[in-house]
Each structure stands twice: as structure tokens, then as C-alpha cells.
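Read off the chains here:
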Amino acid sequence: MIDLLVLALAFVLLVVGVVGSVVPQIPGAPFSIAGVLVYWWYSGFSEPGTLLLAVLLAVGVATLAIDWLGGAVAAKVGGASTATAVIASLVGVVLFFVSGGPLGMILGMTLTVFVVEYYRQQDARAGAKAALVTTLGILSSSVMQAVLTGAMLVTMVVVAL
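Every chain's residues receive numbers from 1 upward, in the order its sequence appears when written. Where local features are concerned, this predicted model is filtered to residues with pLDDT of at least 70; where side-chain atom pairs are given and counted, the filter is 80 or more; whole-chain, interface and lining totals use all residues. Note: side-chain values were computed over all heavy atoms of the structure, leaving out hydrogens and water.

Moving on: empty space enclosed by the protein. Only protein atoms enter the 1 Å grid used here, on which a cavity is any set of points holding a 1.4 Å probe that cannot leave and a pocket is any open set flanked by protein within 12 Å on both sides along at least five of seven lines; residues with an atom within 4 Å of a point are listed as lining. Grid points are joined across faces, edges and corners, and a volume is the space filled by probe spheres set on the points. Here the structure, examined in full by the defined rule, presents one cavity of 30 Å³ or more. By volume, the largest cavity amounts to about 40 Å³. What lines the largest cavity is Met-105, Ile-106, Met-109, Thr-110, Thr-135, Ile-138 and Leu-139. A run of H or I in DSSP becomes a helix once it reaches four residues, and a run of E becomes a strand once it reaches two; helices and strands are each numbered from the N terminus. The greatest single-element share of the lining of the largest cavity, amounting to four residues, is contributed by helix H5 (residues 102–121). A breakdown of the residues in the lining of the largest cavity according to their chemical character gives five nonpolar, two polar and no charged. Following the grouping adopted for this structure description, the nonpolar residues are Ala, Val, Leu, Ile, Met, Phe, Trp, Tyr, Cys and Pro, the charged ones are Asp, Glu, Lys and Arg, and the polar ones are all others, Gly among them.

Right under this line is the structure:
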């Protein structure tokens, strides 16, 4: 019975990792990494093999880096300042809970980047560019995280079968 619970825990962690990659404030990559490690422990440290374990852990760490750096890199590419990226992230977190979901969060972050960059540069075009690129970067980061954590989940399902 305990074995079944540990196995279920491993896959619940992997699924939460995928969900967390697209839902703000849930750290998807750490859950996915934990799921892989719980399964590895469950298997007596035999599955997945050493090479696959290393690859899965590297994918998890890369996913974590994308999560942490995706928005800031996108903001920089779009011409926004680091301060703007931080402010937009804080606004996004608040709006996720206040507006009831990701749509309000994304719209709020986009508007925040535009307003802050317009104020900073006194240029509507530069503010719009920074807002657009930042928003696309944040969305791209979430998609990439979902793909990577999804790949970890599918790989572990294959290992379990």
C-alpha cells in the first residue's frame, strides 16, 4: 500500500509541475524535479537510469532558469528597465488574485510596462514596444516551461510502463 502511495505521489508531483508551469505562483520545475526524485527513490534508485536521471534533472533546472529569467530577459529585449520588469511582476502577482486569473494578470502587466516605460522614456512607441515584447516573452516562457515539464511527465510515464 505504501508503495502505491509513493508512486502516486511521484506522479502527482509531476502533474503539479506541469500545472505550475502555467499558473503563476506555483513553482512548476521544483515539483517536476521532486516527482522524478520520488520515483527514483521509489524504484530503489534504479529507474530512471543514471543518464536519463541526469538529463531530467538538467531539464528541470533549465525550466527553473526559464521561469526566473524569462520575464526579465524579455523586458530587457523589449527595451524595458529592470525596475519596470520587477514592478510589472509584482503587479502581475497581485492582479492574478484580484482579477481572478491569468488574463487580468497579463493585461495588467502589459499596461504596467507600457505606463512605466512611457513615463521613463516619454515615448509612447518605446513603451508599446517594451510592453508587447515583455508580454510575448512572459507568454513564451510559460509555454516553454509547460513543454519542458510536460516532457518530464511523459518521460516518467514511459519509464513507469
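What follows picks up the thread again.
A word on the packing of aromatic side chains. The aromatic pairing rule takes the rings of Phe, Tyr and Trp, using the six-membered ring of Trp, and pairs them if the centres are within 6.5 Å, calling planes under 30 degrees apart stacked, those over 60 edge-to-face and the rest tilted. One pass over the structure, following the stated rule, counts four aromatic pairs. Ring centres of Phe-11 and Tyr-39 lie 5.9 Å apart, and the angle between their planes is 75°; this geometry places the pair in the edge-to-face category. Here Phe-11 is found in helix H1 (residues 2–22), whereas its partner Tyr-39 is found in helix H2 (residues 28–42), with 28 residues between them in sequence. Here's how the labels work: a residue is buried when its accessible area is under 20% of the maximum for its type, exposed when over 50%, partly exposed in between, all with a 1.4 Å probe on protein chains only. On the accessibility criterion, Tyr-39 (4% relative accessible area) is buried.

With that settled, consider the environment of Ala-34. Relative to the elements of secondary structure, Ala-34 occurs in helix H2. Each C-alpha atom, one on Ala-34 and one on Thr-50, is 16 Å from the other, the two residues being 16 residues apart in sequence.

So, on to the nonpolar core. What is meant by a nonpolar core is a set of buried Ala, Val, Leu, Ile, Met, Phe, Trp, Tyr and Cys residues, joined one to another through side-chain atoms within 4.5 Å. Counting residues in each nonpolar core, the largest one holds 15 residues, and the members touching the most others are Phe-11, Leu-14, Val-36, Tyr-39 and Met-156. Taken together, the elements giving at least two residues each to this core come down to H1, H2, helix H3 (50–77) and helix H6 (124–160). By residue number, the principal contributor to this core is H1, which donates five residues. The contact criterion used is simple: two residues touch if any of their non-hydrogen atoms lie within 4.5 Å. Contact partners of Leu-14, with chain neighbours within four places excluded, come to Phe-31, Ser-32, Gly-35, Val-36, Met-152, Leu-153 and Met-156. In this structure, Ala-80, Ala-85, Ala-88 and Ala-131 belong to the second largest nonpolar core, which totals seven residues.

On to the environment of Ala-151, then. Residue position: Ala-151 is located in helix H6. The spatial distance from the C-alpha of Ala-151 to the C-alpha of Phe-45 is 21 Å, given a sequence separation of 106 residues.

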